[in-house]
Amino acid sequence: MDCRIVTIPGDGIGPEIVREACKVLDKVAQVYGHFFHYKEVLMGGCSIDAFGVPLTEEALETARQSDAVLLGAVGGDVGNSRWYDVAPNLRPEAGLLAIRKGLNLFANIRPAYLYQELANACPLKKEIIGNGFDMVIMRELTGGLYFGERYTKEVDGVLQATDTLTYNETEIRRIAVKAFDIAMKRRKHVISVDKANVLDSSRLWRKVVEEVEKNYPEVKLEHMLVDNCAMQLVMNPGQFDVVLTENMFGDILSDEASMITGSIGMLSSASLNESKFGMYEPSHGSAPDIAGKDLANPIATILSAAMMLRYSFDLDKEADAIETAVQKVLTEGYRTTDILSEGCTKVGTAQMGDLIAERI
Ligand code: IPM
Ligand code: MG
């Protein structure tokens, strides 16, 4: 198979983790007889340095012409960076929002899975962890507060800022359909998270999700209020299979879910549109403090590459091979600093990539 992959290394640890993911993809190509053609584009702070904007039209167009995008991370140290002394729409993160919207990547899939090998790093008590957990957060990614009208103005001498939260039924339906589709391939249980006791947008969300449910008689649907969900995630994480939620709630809950896996350095993510096209990236940020020191954990990006093979290229066997290789390396006791525990072998970013590639 021939696949055109646009890589966006981005800032901070982005370039080094994308390099390792490509190393693993190259091994997959070699073993399974595929051809991955890479094209690299700039986004985030590096694009601001080169072109004065976090995402150029050309970069967006190049991504649009590809079969899938593999992204590292964008952004720098917010408190201390030339990239942040500019208008919000020119900051590195604006590039990320622009590419999500520009490629219509409305469905953000964030798995949160507890590796038994890393159970020690999980901050929850053993009795709460039980047999572990394996959930997928389905976050709506191109609507809601992130993309609503916003402005700041002075009213009677007092500054006032406004952000608006809007969803229409089409936006809700398409993300709900993706969530139910994914649930059908898993344990067939969707928990839809909203704030229907307060928000109109949540009441519409519930109504549309219930309409979609009618087409999936095998899937069990539950509704949960977002504040309760935040609590349930740390009280009984094993109850979740697919969590379906809007943009802002999904942003917050996916950080919480990642934290209970022990390390955000392990979590992959995929952002999809209506077709097979997707952008794949680790759930973590650019970690500028450890950039270039061979300390970053490349596993989240490598697992994101596996998601790319599965969702965009239908290469399930190859995706399994990557996931199995990651599992093996962990079982054999290799760890980057962020997931290091007693008795394990500490390795750097590049060596972790080598070890995983060797096991494909
Ligand atoms: C994420 C990040 C982004 C978001 C930021 C960097 C804009 O936190 O992908 O979760 O809020 O969506
Ligand atoms: Mg976030």
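This text follows the structure it describes.
What this report covers is the structure whose coordinates are included nearby. (Residues numbered from 1 in each chain as written. Chains lettered and ligands numbered in written order. Predicted model: local features only at pLDDT ≥ 70, side-chain atom pairs only at ≥ 80, totals over all residues. Heavy atoms only, no water.)

1. Description of the site of ligand 1
The immediate surroundings of ligand 1 are formed by Glu93, Arg100, Arg110, Arg139, Tyr146 and Asp251. Arg100 is positioned such that a nitrogen or oxygen atom in its side chain is 2.8 Å from an oxygen atom of ligand 1. Its atoms largely coinciding with the cavity grid, ligand 1 occupies the second largest pocket. Counted by class, the shell around ligand 1 contains 1 nonpolar, no polar and 5 charged residues. (Near = heavy atom within 4 Å. Polar contact = N/O pair within 3.5 Å; in protein donor to acceptor, adjacent residues only side chain to side chain. 1 Å grid on protein atoms, 1.4 Å probe; cavity = no way out; pocket = protein on both sides within 12 Å on 5 of 7 lines; lining within 4 Å. Sits in = over half its atoms within 2 Å of the grid points. Nonpolar A, V, L, I, M, F, W, Y, C, P; charged D, E, K, R; others polar.)

2. Some points on the pairing of strand β10 (residues 242-245)
Neither face of β10 is left uncovered, since the one carrying Val242 and Leu244 and the one carrying Val243 and Thr245 both have all their residues buried. Taken together, the 4 bridges between strand β5 (residues 134-140) and β10 define a ladder with parallel strand orientation. Residue Val136 lies in a different strand from β10, and its bridge partner there is Val242. In this sheet, β10 lies alongside strand β8 (residues 189-194) in parallel orientation, the contact comprising 4 bridges. Of the residues in β10, the one forming a bridge with Val193 is Thr245. (Buried < 20%, exposed > 50% of the residue type's maximum accessible area, 1.4 Å probe, protein only. Helix = DSSP H or I, 4+ residues; strand = E, 2+ residues; numbered from the N terminus. Pairing = 2+ DSSP bridges.)

3. A word on the packing of aromatic side chains
Each pair of aromatic rings is reported with the distance of its centres and the angle of its planes. Applying the stated rule across the entire model yields 4 aromatic pairs. Note on Phe36 and Phe313: the rings are 6.5 Å apart at their centroids and 25 degrees apart in plane angle, and the pair reads as stacked. In this pair, Phe36 sits in strand β2 (residues 35-40) while Phe313 sits in the loop between α10 (299-311) and α11 (316-331), placing the two residues 277 residues apart along the sequence. Exposure class is identical for Phe36 and Phe313. Each is buried. Here the guanidinium or amino end of Arg139 rests over the ring plane of Tyr146, the centre of that ring lying 5.2 Å away. The ring of Phe106 has Arg174 lying over it, and the distance from NZ or CZ to the ring centre is 4.2 Å. (Phe/Tyr/Trp six-rings, centres within 6.5 Å; stacked < 30°, edge-to-face > 60°. Lys NZ or Arg CZ within 6 Å of the ring centre and 35° of its normal.)

4. Some remarks on the pattern of salt bridges
Enumeration according to the criterion identifies 23 salt bridges in this entry. Lys207 is the partner of Glu211 in a salt bridge, and the nearest nitrogen-oxygen pair spans 3.4 Å. With Glu211 and Lys207 both in helix α7 (residues 200-213) and 4 residues apart, this pair spans about one turn of that helix. With a relative accessible area of 47%, Lys207 lands in the partly exposed category. A salt bridge links Arg310 to Glu323; the shortest N-O distance between them is 2.7 Å. Of the two residues, Arg310 sits in helix α10 while Glu323 sits in helix α11, which places them 13 residues apart along the sequence. Note on Arg310: relative accessible area 22%, which makes it partly exposed. Accessibility expressed as a relative area gives 30% for Glu323, which makes it partly exposed. Salt bridges linked by common partners bring Glu169, Arg173, Lys207 and Glu211 together as one network. (Salt bridge = Lys/Arg side-chain N within 4 Å of Asp/Glu carboxyl O.)

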